[in-house]
Amino acid sequence: MIHAAASSAHHPAGAPAPALGGAGAAVPGTAATTPRATAGGTRTRPRDLWTRSRGFLLALAVLLTAGLALAALNSGARHGYLDPRSADPSGSRAVAELLKERGVTTRVVTTAAEAADAAGPDTTLLVTDPDRLGDTQLRDIRTAIDLSGGRTVLLAPSTLSLPALAPGTRIDGDSPAPDAHLDPGSTCTLPAATTAGRAATGGGHRYTTSSTGATGCYPSAGHPTLLVLPTGIRGGDTVLLGSEGIFLNKTLAEEGNASLALQLLGSRPHLVWYLPSLADGSTEGDRTGEEQSFLDLIPAGWSWALLQLFLAAAVAALWRARRLGPLVTERLPVLVRASEATEGRARLYRKADARDRAATVLRAAARERLAALVGVPAAQAHDPASLVPAVAARLTAGPPHDPATLLFGTTPTTDAALIALADHLDALEREVRTS
């Protein structure tokens, strides 16, 4: 095309353009002159791969980051919950410190076997999450309730654990949140409740029982949220508390929460604080005595989270996909011959007197083709120190013009000089190609 541009400088606008060949065939943007075209096909550069895939990779990175952040937040949301060693708002360190000042020792255990072994007549056993216990763990705690002669405090037990730990007791609905702070009630005879007064026992379960000798306090809608059941051994009892709010650091100073918590947990000199954990074997596999696999130990929530991330990644891949099937040849409404496009561009160069632009494109295309012929990397094709010696070494006879001048010389000042430059570049390329 550039050769045509140079030739059109001394041909009438309507005259046929000269034949294209050699350096004159270099048309930027066409398949014949694309620098990356080789005999074996088009070579894809790493930069092109990054350009095509960066959108998908960015979306995938955002999804993974968001998933990991949500997982970390969810996994840490209840970290230290009701833990007597935690000073977080949802921890219970304040209660433990107040009990320590009153001479009550606190021991933290994480298995039902340890809790049952530590239970005794001078011990208060606090089970923070009875519903997480499996059949074996429920039997251990029930044995401790029947034989220890001490106090057992169960926090918010539901239908999952009540039949095993408190037979004859059932849930009678939940206490609404607006009634979280309740009065002990006129029928309450429990000294700890009547002394403490209003406390945050609402907002959880309400209980009803058919057991004789039971004491109910802090009623909501006519049913107690705190229920004390006597055990078979004299002096022992079981306390069902519908809500754990009175033991949390953030609510301990409200109303009579501190007084009620200290009296319920401090009636014996020793307190066993049982925090059920995954290591306690409370899953279904442990209940049946079967060996658990690694996947069985993963909480169900994590499996759902991974599935959601996978689906999100699949949707993002479909969204960013370039095509969903094989390439289809598109029928263009108008077919323009390459020679016509070359002539049109040449006339534009001639009309604008763009000899500098024409010479620059002509030389750049020639340098790229010569670099491929003499083995110079494409990145160094426009470096005189790399290209000129390699081209000169392939010349068998001295050319009429210096390669450095032809490839990196000054801009032609006339149309005739531009045409001569195109001819000399063609001759140089032929000489290198046939050498």
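About the criteria used
- Residues numbered from 1 in each chain as written.
- Predicted model: local features only at pLDDT ≥ 70, side-chain atom pairs only at ≥ 80, totals over all residues.
- Heavy atoms only, no water.
- Helix = DSSP H or I, 4+ residues; strand = E, 2+ residues; numbered from the N terminus.
- Contact = heavy atoms within 4.5 Å.
- Areas by Shrake-Rupley, 256 points an atom, 1.4 Å probe, with all protein chains shown as cover.
- Pairing = 2+ DSSP bridges.
- Axes fitted to C-alpha atoms, helices over the stretch in contact; angles between N-to-C directions.
- Buried < 20%, exposed > 50% of the residue type's maximum accessible area, 1.4 Å probe, protein only.
- pLDDT = per-residue confidence, 0-100.
- Expected span 1.5 Å × (residues − 1).
- Salt bridge = Lys/Arg side-chain N within 4 Å of Asp/Glu carboxyl O.
- Polar contact = N/O pair within 3.5 Å; in protein donor to acceptor, adjacent residues only side chain to side chain.
- Disulfide = S-S within 2.5 Å.

Asks: Explain the overall build of the chain to me, please; I cannot follow it from the model alone.
Replies: Helix and strand counts for the chain stand at 15 helices and eleven strands. The long-range share in the chain, meaning contacts at least 24 apart out of those at least 6 apart in sequence, stands at 69%. For the chain, the exposed surface amounts to about 23900 Å²; the carbon and sulfur share of it is 58%.

Asks: Sorry if this is basic, but what is going on with the sheet that holds strand β3 (residues 105–109) here?
Replies: Think of a sheet as strands paired side by side through backbone hydrogen bonds, with each pair either parallel or antiparallel. Ordered by their spatial adjacency, seven strands build an open sheet running β3-β11-β4-β5-β10-β9-β8, and the pairing between neighbours is mixed. The open sheet has two edge strands, β3 and β8 (215–220), and neither has a second partner. Going from strand to strand, the sheet's axes swing by 15° on average, the running direction of each strand aside. Bridge count for strand β4 (residues 123–127) against strand β11 (residues 270–274) is five bridges, and the pairing is parallel. What sits directly across from V127, in β11, is Y274. Most of the contacts of helix α5 (residues 135–147) go to β4, to which it runs at about 150°, and overall it touches β4, β5 (151–155), β10 (237–241) and β11. Most of the contacts of helix α8 (residues 257–265) go to β5, to which it runs at about 135°, and overall it touches β4, β5, β8, β9 (223–230), β10 and β11.

Asks: Quick question: what am I supposed to make of unusual backbone geometry here?
Replies: Apart from glycine, the bulk of residues carry a negative phi angle, and the bulk of peptide bonds sit in the trans form. A positive phi angle, near 60°, is found at L82, a position not held by glycine. The residue L82 is located in the loop between α2 (46–77) and α3 (93–101) in this model. According to the relative accessible area criterion, L82 is buried, its value standing at 2%. Here the phi dihedral of A221 falls at roughly 55°; this positive angle occurs in a residue that is not glycine. Relative to the elements of secondary structure, A221 occurs in the loop between β8 and β9. Owing to a relative accessible area of 66%, A221 belongs among the exposed residues under this scheme.

Asks: Got a minute to help me understand the pairing of β9 in this structure?
Replies: Every regular strand shows the same layout, with side chains that alternate between the two sheet faces. Across the eight residues that make up β9, a large majority, six, are buried. Note: β8 against β9, five bridges, orientation antiparallel. Note that in β9 the partner of P219 across the bridge is P224. From the end of β8 to the start of β9, which pair antiparallel, there are two residues, and A221 there has a positive phi angle of about 55°. Two strands pair when backbone bridges link them, and β9 and β10 are joined in this way by five bridges, in the antiparallel orientation. When the sheet's bridge partners are listed, L227 is paired in β10 with L240. The hairpin turn running from β9 into β10, its antiparallel successor, is six residues long, and G235 in that turn takes a positive phi close to 95°.

Asks: Even after reading the chapter, I still don't get the confidence of the model for the chain, so can you show me in this structure?
Replies: The predicted coordinates of low-pLDDT regions are not to be read in fine detail. Confidence in the prediction for the chain averages 80 pLDDT; 80% of positions are at 70 or higher. The low-confidence segment residues 5–42, where pLDDT is below 50, has 58 contacts with residues more than four positions distant or belonging to other chains. For the stretch residues 282–289, pLDDT sits under 50, and the model shows 17 contacts to residues farther than four places along the chain or on other chains.

Asks: What is the right way to read helix α11 (residues 338–351) from this model?
Replies: What sets the pattern is the α-helix's 3.6 residues per turn: residues three or four places apart point alike. With 14 residues, α11 extends 20 Å from end C-alpha to end C-alpha; this agrees with the ideal 20 Å at 1.5 Å per step. Note on α11: the residue one or two positions beyond its end, D353, has a positive phi of about 55°.

Asks: Explanation requested: the pattern of salt bridges in the structure shown.
Replies: Pairs may arise between side chains of opposite charge once their charged atoms sit close together. A full pass over the atoms with the stated rule returns eleven salt bridges. Notably, a salt bridge pairs R151 with D237, separated by 3.0 Å at the nearest N-O pair. On the criterion of sequence distance, the pair formed by R151 in strand β5 and D237 in strand β10 is long-range, its members being 86 residues apart. Put simply, E429 and R433 hold a salt bridge, and the shortest N to O gap is 2.6 Å.

Asks: What is the right way to read the side chain of R151 from this model?
Replies: For R151, a relative accessible area of 9% corresponds to the buried category. A distance of 3.0 Å separates the side chain of R151 from the side chain of D237, its partner in a polar contact. At 3.2 Å, the side chain of R151 forms a polar contact with the backbone oxygen of L264. Among all residues touching R151, those that are not within four sequence positions of it are T123, T124, L125, D237, V239, Q263, L264, S267 and R268.

Asks: Quick question: what am I supposed to make of the state of the cysteines here?
Replies: Here is the idea: a disulfide is a covalent bond, and it sits between the sulfur atoms of two cysteines. All told, the structure shown has one disulfide when counted by the stated rule. Across a sulfur-sulfur distance of 1.9 Å, C188 and C217 are joined as a disulfide pair. Between C188 and C217, the disulfide has an S-S torsion of 75° and is therefore right-handed. You can see C188 sitting in the loop between β6 (169–174) and α7 (191–196) and its partner C217 sitting in strand β8, a full 29 residues away along the chain. Look at C217 and you get buried, because its relative accessible area is 0%.

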